[in-house]
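Report on the structure
Listed below, chain by chain, are the residues.
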Protein chains: 2
Amino acid sequence: MWTVTAKIIDGKARAKEIRSSLKKDVESLKQKGITPKLVVVLVGDDPASHIYVSNKEKACAEVGILSETHKLPAMTNENDILKLILKLNTDRNVHGILVQLPLPDHINEENITNAIIQAKDVDGLGTINMGMLIKGEGDPLVCCTPQGVIDLIKTTGIDIKGKNAVVVGRSNMVGKPTAILLLKEHATVTICHSRTVDLGSVTNKADILVAATGKAKKITADMVKKSAIVIDVGMIKTEKGWSGDVDFEKVKEIAGYITPVPGGVGPMTIAMLLKNTVKAATRSAGIK
Amino acid sequence: MWTVTAKIIDGKARAKEIRSSLKKDVESLKQKGITPKLVVVLVGDDPASHIYVSNKEKACAEVGILSETHKLPAMTNENDILKLILKLNTDRNVHGILVQLPLPDHINEENITNAIIQAKDVDGLGTINMGMLIKGEGDPLVCCTPQGVIDLIKTTGIDIKGKNAVVVGRSNMVGKPTAILLLKEHATVTICHSRTVDLGSVTNKADILVAATGKAKKITADMVKKSAIVIDVGMIKTEKGWSGDVDFEKVKEIAGYITPVPGGVGPMTIAMLLKNTVKAATRSAGIK
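Predicted model only: the values in this text are computed from it and were never measured.

Before going further, it helps to spend a moment on the overall build of chain A. Scanning chain A from terminus to terminus reveals ten helices and eleven strands. In terms of overall dimensions, chain A is globule-like: its C-alpha atoms have a radius of gyration of 19 Å, near the 19 Å expected for 288 residues. Dimensions of chain A, computed from C-alpha atoms along their principal axes, come out at roughly 60 × 40 × 35 Å. Buried residues in chain A amount to 51% of all 288 residues. For chain A, the share of sequence-separated contacts (at least 6 apart) that also reach a separation of at least 24 residues comes to 70%.

Quick look at the interface of chain A and chain B now. Each side of the interface is counted separately: chain A has 25 residues, and chain B has 25 residues. Where the side of chain A that touches chain B is concerned, the elements lending two or more residues are α5 (127-135), α7 (175-184) and β6 (188-192) of chain A. Counting residues per element, the side of chain A that touches chain B draws most heavily on α5(A), which supplies seven residues. Grouping the amino acids of the side of chain A that touches chain B by side-chain chemistry returns ten nonpolar, eight polar and seven charged. Here β6(A) runs beside strand β6 (residues 188-192) of chain B; their pairing, made up of three bridges, is antiparallel. Within the sheet, the bridge partner assigned to A:Val189 lies in β6(B) and is B:Ile191.

What follows concerns the domain arrangement of chain A. The domains assigned to chain A are domain 1 (33-120) and domain 2 (143-266). Summarising the inter-unit geometry, the C-alpha centres of domain 1 of chain A and domain 2 of chain A are found 29 Å apart.

This part is about helix α3 (residues 78-90) of chain A. All names here are of chain A. With 13 residues, α3 should cover 18 Å at 1.5 Å per step; its first-to-last C-alpha distance of 19 Å lies within 8% of that length. Every buried residue of α3 is listed here: Ile81, Ile85 and Leu88. On an axial view of α3, the arc spanned by its buried residues comes to 60°, and they lie on one face. Projecting away from the buried face of α3 at angles above 90 degrees are the exposed residues Asn79, Asp80, Lys83, Lys87 and Thr90. The inward-facing, buried residues of α3 abut β2 (37-43), β3 (66-72), β4 (96-99) and α4 (109-115).

Right, let's get into the relation of the copies chain A and chain B. Laying chain A over chain B is done by rotating through 180° and shifting 0.0 Å along the axis; what remains is an RMSD of 0.0 Å. Taken together, the rotation angle and the small translation identify this as a two-fold axis. The fraction of interface residues of chain A whose copies in chain B are also interface residues reaches 100%, indicating that both copies meet through the same surface.

So, about the sheet that holds strand β3 (residues 66-72) of chain B. Residues and elements named next belong to chain B. Judged by pairing direction, the sheet is parallel, and its three strands sit side by side in the order β3-β2-β4 without closing on themselves. The open sheet terminates on both sides in strands that have one partner only, identified here as β3 and β4 (96-99). Across the sheet, the mean angle separating the axes of adjacent strands is 15° when strand polarity is ignored. In terms of strand pairing, strand β2 (residues 37-43) meets β3 through seven bridges, oriented parallel. Bridging from a neighbouring strand, Val39 pairs with Glu68 of β3.

Residue and element names in this part refer to chain A. Spatially, the three strands line up as an open sheet ordered β3-β2-β4, and their pairing is parallel. Across the chains shown, the open sheet's two edge strands, defined by having one partner strand only, are β3 and β4. Strand after strand, the sheet turns through a mean of 15° between neighbouring axes, direction not considered. Each of β2, β3 and β4 touches α3; the most contacted strand, β2, lies at about 180° to it.

Glancing now at the packing of helix α6 (residues 144-155) of chain B against helix α7 (residues 175-184) of chain B. Residues and elements named next belong to chain B. Between α6 and α7, whose axes approach to 8 Å, the crossing angle comes to 40°. Put simply, α6 runs oblique to α7. Of the two possible hands of crossing, α6 and α7 adopt the one that is right-handed. Mapping the contact onto sequence places Pro146, Val149 and Ile150 in α6 and Pro177, Thr178 and Leu181 in α7.

It is worth spelling out the environment of A:Thr35 at this point. All names here are of chain A. On the secondary structure map, Thr35 appears in the loop between α1 (11-31) and β2. The partly exposed category is assigned to Thr35, around which 14 C-beta atoms lie within 10 Å. With 68 residues separating them in the primary sequence, Thr35 and Leu103 have C-alpha atoms 29 Å apart. Setting aside residues up to four positions removed in sequence, Thr35 forms contacts with Lys30 and Leu66.

Moving on: unusual backbone geometry. The omega angle of the peptide bond from A:Val261 to A:Pro262 is -5°, so this bond is cis rather than trans. Topologically, A:Pro262 is positioned in the loop between β11 (257-258) and α10 (265-284). A cis amide bond links B:Leu101 with the next residue in sequence, B:Pro102, at an omega value of 0°. Mapped onto the elements of the fold, B:Pro102 is located in the loop between β4 and α4 (109-115). For A:Lys217, which is not glycine, the phi dihedral falls at a positive 50°.

All names here are of chain A. Going residue by residue along β4, you find Gly96 and Leu98 tucked away on one face and Ile97 and Val99 tucked away on the opposite face as well. Of the strand pairs in this sheet, β2 and β4 are connected by four bridges, and their pairing is parallel. Bridge pairing in β4 links Val41 to Val99.

Turning our attention to the nonpolar core. In terms of nonpolar packing, the biggest core is built from 182 residues, with A:Val230 and B:Val230 touching the most fellow members. Once residues lying within four places of it in the same chain are set aside, the contact partners of B:Val230 are B:Leu209, B:Val224, B:Val246, B:Val251, B:Ala255, B:Tyr257 and B:Ile258.

With that settled, consider the environment of A:Asp232. All names here are of chain A. Mapped onto the secondary structure, Asp232 falls in strand β8 (residues 229-232). A C-alpha to C-alpha distance of 34 Å links Asp232 and Ser28, two positions 204 residues apart in sequence. Here Asp232 is in contact with Ala211, Gly244, Asp245, Val246, Thr259, Val261, Gly264 and Val265, once residues within four sequence places are set aside.

Here we come to the environment of A:Met173. All names here are of chain A. With respect to the helices and strands, the residue Met173 is situated in the loop between β5 (164-168) and α7. C-alpha separation for the pair Met173 and Leu125, spaced 48 residues apart in sequence, amounts to 7.0 Å. Excluding its chain neighbours within four sequence positions, the residues that come into contact with Met173 are Leu125, Cys143 and Thr145.

On to helix α10 (residues 265-284) of chain B. Think of an α-helix as 3.6 residues a turn; residues three or four steps apart then line up on the same face. All names here are of chain B. Under the 1.5 Å per step criterion, the end-to-end length of α10 is 29 Å for 20 residues, consistent within 8% with the ideal 28 Å. Within α10, 17 of the 20 residues are buried, leaving the element largely enclosed by the surrounding structure. At the exit of α10 stands Gly286, carrying a positive phi of roughly 70°.

Quick notes on the rules
- Residues numbered from 1 in each chain as written.
- Chains lettered and ligands numbered in written order.
- Predicted model: local features only at pLDDT ≥ 70, side-chain atom pairs only at ≥ 80, totals over all residues.
- Helix = DSSP H or I, 4+ residues; strand = E, 2+ residues; numbered from the N terminus.
- Rg over C-alpha atoms; globule rule 2.2 N^0.38 Å.
- Buried ≥ 20, exposed ≤ 12 C-beta atoms within 10 Å, placed from the backbone.
- Contact = placed C-beta atoms within 7 Å.
- Nonpolar A, V, L, I, M, F, W, Y, C, P; charged D, E, K, R; others polar.
- Pairing = 2+ DSSP bridges.
- Domains from an automatic or database assignment.
- Expected span 1.5 Å × (residues − 1).
- Arc of directions from axis to C-beta.
- Least-squares fit on C-alpha atoms with pLDDT ≥ 70 in both.
- Axes fitted to C-alpha atoms, helices over the stretch in contact; angles between N-to-C directions.
- Parallel < 35°, antiparallel > 145°, perpendicular 65-115°, else oblique.
- Left-handed = near helix turned anticlockwise from the far one by under 90°.
- Core = buried A, V, L, I, M, F, W, Y, C linked by C-beta atoms within 7 Å.

Right under this line is the structure:
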């Protein structure tokens, strides 16, 4: 008796490829006198946020993007953040603006996210970029994690068109935009969530399964279709270390392709942030 | 032997109820000095568009909304339409602006739709209202047909939460926003379209089935789950008269509830346009 285990989708390697391609784009931009610049606004002392921001800075440096981080105390008021964003909006040397989420409770996240002008909204979370995304209008800056998910699916070489794709989770940052991108690729798309009755009976039919529930090992082997592509967006700190949404060890005996955690979607999110920043810089110069 | 046929969801009657409730809202607004006003821009000679616009005018009159239609020749250039919209945007007596679609080929529909300010975009097709809709942000003006679809489903008294809802069609006017609204009501939502493989196997599992394909009788009895709620958005002119997307006569022997064509979703679309106009007028006055 033998089992064929899933091919591991190596997000770390794929992200590296993207970064080295972006490095060339950045060099070519610099020759035209443009140095892409990302400004990150970080409010408060959340340790995880500080780690994320530091990883973003490192990734920027690697591809030649200038980065600058405004670290503001947790008690900063909303107006001061808005003023900073308005200043960055009109600064011609700044191409991308990112406000690290979550923000402290006294600050309205929507107000802040929507203050960033569409052209510099490299997180793609503003209302205009999201509206463009759902309408299929123009060429929006698309949120980073969903872009990374689609890219990883495409690395398998399997055509998304006509496949049954199931997204578990309906957040604004992952679930909903991922569903829209899969629809654009002509998948038949189902969105599940905490109110879904008999989740396994839905995920069982997924040729492509994207798990973004934030619950460790929520997706078990019995919930996965044989040979499916399984993309695990989860990144949950447990007593035994990092865990994804998917019970990796058992699901990999069923799936055809699977992303690990860490080293799957995570590195792709940052790569797509860099990609959006280079895109924004290129456009600001009127090159594309 | 006997068969139980579906209950007919009477969109005409429900739309009438909505109109009579709106009539009271309009009277109350008038007592506060506000007369809701809808301006329709109609470009060209498409006979169907002229009929739709005339129906909208009649419906406005019935509930006491002022309406005004700008009929422009087919060769009108885009700039002239944009100038008219900009004027209407700043006219304090105008609460809703609607550009009848489709527009002639030489005019960019996106430019026109997006020129209408969010607060007066009573068709809900602008990028900002669509972005707010997908993000679940604030209280957008939601496109009329999807609003009508949800309202009709609710008339059955059946809770949408946890149900399998399937939307066939992925247009910006119907399919995508309807899916988002169903998701907001906590349904598990699947979006199908022309590239869906074995459509019947998906629709067969739908507790709630919304058909918006634009293809006459595309949904046949074998594709419908017993006792399902079937909402037919189609309105196709055939040699035998008007047809929906659903094979009504046969599907009604299977479904639990079904909308007829005409007299189902159609009248609801106009009712929701009136509702959006009254909402816009109420807000402009700072009452809500």
